[in-house]
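Geometric and topological summary
One letter stands for each residue in the lines below.
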Amino acid sequence: MTAEEILEGQVILVDKPLTWSSFQAVNKLKYALKRELDLPKKFKIGHAGTLDPLATGLLIICTGKFTKRITEIQGQPKEYTGTFKLGATTPSYDLETEIDATFPINHIDETLIKNSLPQFLGEIDQKPPVFSAIKKDGIRMYEHARAGVEMEMESRKTTIHEFEITRIEMPEIDFRVVCSKGTYIRSLAHDFGKALESGAHLTVLRRTKIGDYLVENAVLPDDFVSNLSKI
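Notes on the structure follow. Values in this document were obtained by computation on a predicted structure and should not be read as measured data. (Residues numbered from 1 in each chain as written. Predicted model: local features only at pLDDT ≥ 70, side-chain atom pairs only at ≥ 80, totals over all residues. Heavy atoms only, no water.)

**As for the overall build of the protein**
- If you tally the helices and strands in the protein, you get 7 helices and 13 strands.
- Per-residue burial for the protein yields a buried fraction of 47% across its 231 residues.
- Excluding contacts between residues fewer than 6 apart, the proportion of contacts in the protein whose partners are at least 24 apart in sequence is 71%.
- With the model as given, the accessible surface of the protein reaches about 12,000 Å², and the carbon-plus-sulfur share is 49%. (Helix = DSSP H or I, 4+ residues; strand = E, 2+ residues; numbered from the N terminus. Buried < 20%, exposed > 50% of the residue type's maximum accessible area, 1.4 Å probe, protein only. Contact = heavy atoms within 4.5 Å. Areas by Shrake-Rupley, 256 points an atom, 1.4 Å probe, with all protein chains shown as cover.)

**Examining unusual backbone geometry**
- The amide bond that connects Met170 to the next residue, Pro171, takes the cis arrangement and shows omega of 10°.
- Position of Pro171 relative to the elements: it lies in the loop between β10 (156–169) and β11 (172–179).
- Phi is positive for Tyr93, which is not a glycine, with a value near 70°.
- Locating Tyr93 in the fold gives a position in the loop between β5 (88–89) and β6 (101–102).
- Tyr93 sits in the buried class, given a relative accessible area of 17%.

**Some remarks on the pattern of salt bridges**
- Overall, the coordinates contain 15 salt bridges when judged by the stated rule.
- Close ionic contact of Arg186 with Asp94 constitutes a salt bridge, the shortest N to O distance being 4.0 Å. Of this pair, Arg186 sits in helix α6 (residues 185–195) while Asp94 sits in the loop between β5 and β6, and the two are 92 residues apart along the sequence.
- Given the relative accessible area of 5%, Arg186 is considered buried. (Salt bridge = Lys/Arg side-chain N within 4 Å of Asp/Glu carboxyl O.)

**Looking at the side chain of Thr97**
- Secondary-structure assignment places Thr97 in the loop between β5 and β6.
- A distance of 2.7 Å separates a polar atom in the side chain of Thr97 from a polar atom in the side chain of Ser92. (Polar contact = N/O pair within 3.5 Å; in protein donor to acceptor, adjacent residues only side chain to side chain.)

**A short note on the environment of Glu162**
- By the secondary structure assignment, Glu162 is in strand β10.
- Residue class for Glu162 comes out partly exposed when judged on its relative accessible area of 37%.
- Taking the C-alpha atoms as reference, Glu162 lies 5.3 Å from Val177; in sequence the two are 15 residues apart.
- For Glu162, the contacting residues outside a window of four places in its chain are Leu121, Arg176, Val177 and Val178.
- Separated by 2.4 Å, the side chains of Glu162 and Arg176 make a polar contact.

**Some remarks on the nonpolar core**
- Counting 25 residues, the largest nonpolar core has Phe84, Phe163, Ile165, Phe175, Val177, Ile185 and Phe192 as the members making the most contacts within it.
- If you list the elements that add at least two residues to this core, you get β4 (78–86), β10, β11, α6 and β12 (200–210).
- Apart from the residues lying within four places of it in its own chain, the contact partners of Ile185 are Tyr80, Phe84, Phe175, Val177, Cys179, Leu202 and Leu205.
- One finds Leu29, Phe43, Ile61 and Val225 within the second-largest nonpolar core, a separate group that totals 19 residues. (Core = buried A, V, L, I, M, F, W, Y, C linked by side-chain atoms within 4.5 Å.)

Have a look at this one:
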């Protein structure tokens, strides 16, 4: 990989580690590329779709002229795998916050779980979590939430192309979902718990695919930097 190739444009597939922000991953590559290839201070680099710190998996990073493709890549369907934990909810709909309510799960069986799937297929209305990066009044919603300010989230249209349960081991269920841009898997966990007349929150999330790009072809940020220094 040369400086010319980076400036002309590259699509780099990164496997984002747990607890890393997407911004951290981009910066890791950015400074390594600048250092090793003597790139201009303000060369173009960015990612095509944020992953929460508590999620792992495919993060697509574009450089140079390929940053113009970011919007196109972001619009492609995305595949995720992960785990819902039934019987409890959290304000953030995942493990970022503590459990705020518990619910019975004795009535939940495989039949109820499988019969609840169809209502989440196709175009659905979904409310993003209050702990999200969406801005309201110029401030990100998670900042309002962390400050204890109650804000009402407006629902939005999203599309679930595929939704399947791959493991049931109560109170945990594993899933695979293919969805459109703007889908919040945390909200899907929360709403799925409601559909089961219980509660649920997201405990594991991994993005495995964006369009035709696969996480199997991605590299960890530290490995990318290590390999770059050997060129």
